[in-house]
Amino acid sequence: MTTLSTLSLPPTVVVYARALIIIIPILISILCPHRIPSIIRGPLGTSSSILSVCLLPSHLLAPSSVRLLFPFAALTIPPVYWNDGHISRHRFGSITRMKPHLIILGVTTTESLDAVEAVITKFTPEGGIQDAQHYSSPLPSDLVQQLRALKETFRVCGGDIAQVEQRIASAHPLSSIHDHFIKKVAEACLATIVTARTLKTINRDQAPDLVGLHGYPCMHLPPSRARQHTTAPYTAEMGDGQALANILNIPVAYDFCSDDIMNGGEGTPLMPIHLRRLALQAKSRGAFPIAFINAGKTGNVSIVTNQLGKREPSVLSWDTGPFNHFPDLLAQREAGIPSDLNGEIGLPGNVHESLLRLLFERSAITPEGKNFVTHPPPRSANPELYQEIPELSGAAPVDGKFLSLADRMRTAEYFAAYLAMYALSFIPSDCEFPHFYGLCGGGWKNPVTTSHFRFLMRHSPGQIILKEHESTYEALMARLGKRKPTVESSSAFGFDPNSMRARIFADAAARLVWGEPFTNPSITGVAKPTICGRIRFPTNGEPKEFAAGRYMTEQGTLIERLVTRDFLDPRFGRAIPGWKPLGSP
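Reading the values: rules and limits
Residues numbered from 1 in each chain as written. Predicted model: local features only at pLDDT ≥ 70, side-chain atom pairs only at ≥ 80, totals over all residues. Heavy atoms only, no water. Helix = DSSP H or I, 4+ residues; strand = E, 2+ residues; numbered from the N terminus. Buried < 20%, exposed > 50% of the residue type's maximum accessible area, 1.4 Å probe, protein only. Contact = heavy atoms within 4.5 Å. Phe/Tyr/Trp six-rings, centres within 6.5 Å; stacked < 30°, edge-to-face > 60°. Core = buried A, V, L, I, M, F, W, Y, C linked by side-chain atoms within 4.5 Å.

Draft legend 1. The arrangement of the environment of G321 in detail. Residue placement: G321 occurs in strand β13 (residues 314-322). Its relative accessible area of 0% is what places G321 among the buried residues. Note: C-alpha distance between G321 and A364 (43 residues apart in sequence) is 7.3 Å. Aside from chain neighbours lying at most four places away, what touches G321 is K297, T298, G299, F372, Y386 and L419.

Draft legend 2. Just the packing of aromatic side chains, in detail. The full count for this structure, using the stated rule, is 14 aromatic pairs. A centroid spacing of 6.5 Å and a plane angle of 85° characterise the contact between W318 and F426, whose relative ring orientation is edge-to-face. Here W318 is found in strand β13, whereas its partner F426 is found in the loop between α15 (405-423) and β14 (436-440), with 108 residues between them in sequence. A ring pair is formed by F537 and F546, whose centres lie 6.0 Å apart and whose planes are at 35°; its orientation type is tilted. Assigned by exposure class, F537 and F546 land together as buried. An aromatic cluster of at least three residues, connected via ring pairs, comprises W318, F360, Y414, Y418, Y422 and F426.

Draft legend 3. Looking closely at the nonpolar core. Counting 58 residues, the largest nonpolar core has M421, Y437 and F453 as the members making the most contacts within it. Beyond its immediate stretch of four places on either side in the chain, F453 contacts I293, A417, A420, M421, L439, W444 and V487. Listed in part, the 51 residues of the second largest apolar core include L113, L143, I168 and Y254.

Written out as structure tokens, the structure reads:
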């Protein structure tokens, strides 16, 4: 057999050549494991071992004495190989599976309960996100009424599920409401898959690896409010992942808020880690630092920026306060429509400064009497916190006169934009202030609110700034500098705003499988970075039949994510009233 020695090369060259042939493949496998697929995918086939192939020449070129003693020297190095389309590798004597690419269907209801939103998204461990299919399915009006009545009953009963069940038993049994809800969520999921196959955004025989479910939030009492009630924090989110998994025959990850609550966090917002992924993609387009502002019943802002003393971008997030909540109330009660979606009610009206001040001072008061919108982060809010003042409903005059619906609506819509702007004043001084703003969520479909926020951020004339906030506003404008900020729909940065909410829970599901935290102390106040959620597999199958189950089994994380004994009621998650830490008596 020909060796380097028979080629009449200098001995020093032979030594260095042999060393490089052995070392280079090893360095590739250690430093650039994500590059291996592109190297071995071609003529070598997906089942080949790249290190075995790369080290084969070193074996053939080795001295004959070495080849006789170690006839399979090339195979003694732990191989890297393909398995089920994903990379695996041996490390330090044990097999560690490389994180798989995942196709996940995220599903949730809109905060206004007008639809079930779903999106199929492809996730890569390196941070890649690519939406394949968005789908929206309206909820039937009878179910919407039942869910709204259920939420009110939860409020009255202080989250006590047994009391809730007793109160509504005569009208609609709780189990029937839950089953109806899960059925409609399943129908939306199946329709999304069929649409994706029909439009060839996924293969015709392909199904998602996993579903990320965010159920219907019935009640939420975070630590910041629970302390005033001298009770344990809790959250109640309706949606049994096992029931959905059995219908779809697809694994379901769900109950993401509970882990954060049980570790001392506020339980919301859950978007920031996901938005960090999006921000890093936007950064490649030159849009950085960036703030994503989500507009539902409650608004929240997530900033991904450079922070002094930190190498990696920081993620900061908190709720802004009421957003769609008050405009929707006015539209439903006085106009008989779900929302002022196109701004038609508010557009003819005027912003009333005195009503704006009353909304700012009195519409979001915590049980302990503090103004939520001026409270520093971390903080979370929900509609149970908001109080409709009589001046907004038209039951009391403002400055001696009763305002028209158009004026009250216009002021409520301006208030939503005003709070989004005001919330930016909490960005720490050691953080680079964002110049890019990605708007997502249904509230930004209202052109009145969107225009007001854009004008506020661009310091346009004619916007009302309360006198007591003038110095705060001027400080914000000074941080922006002379450069006008970019305020656009998140679609301008490459992300469908209609998919944003559902995609959050698809991402949460991916991170659950990969074993990565989805919340951290700087976002929710949780005690430590926390992996969120539980996973359920169809009862007619085994976890190993699914990509997520195989990976989690090999990583040794499956069993802890399958535990059921910490569910007091599987229909509502783990951190419901009365929850106890796992393992406690």
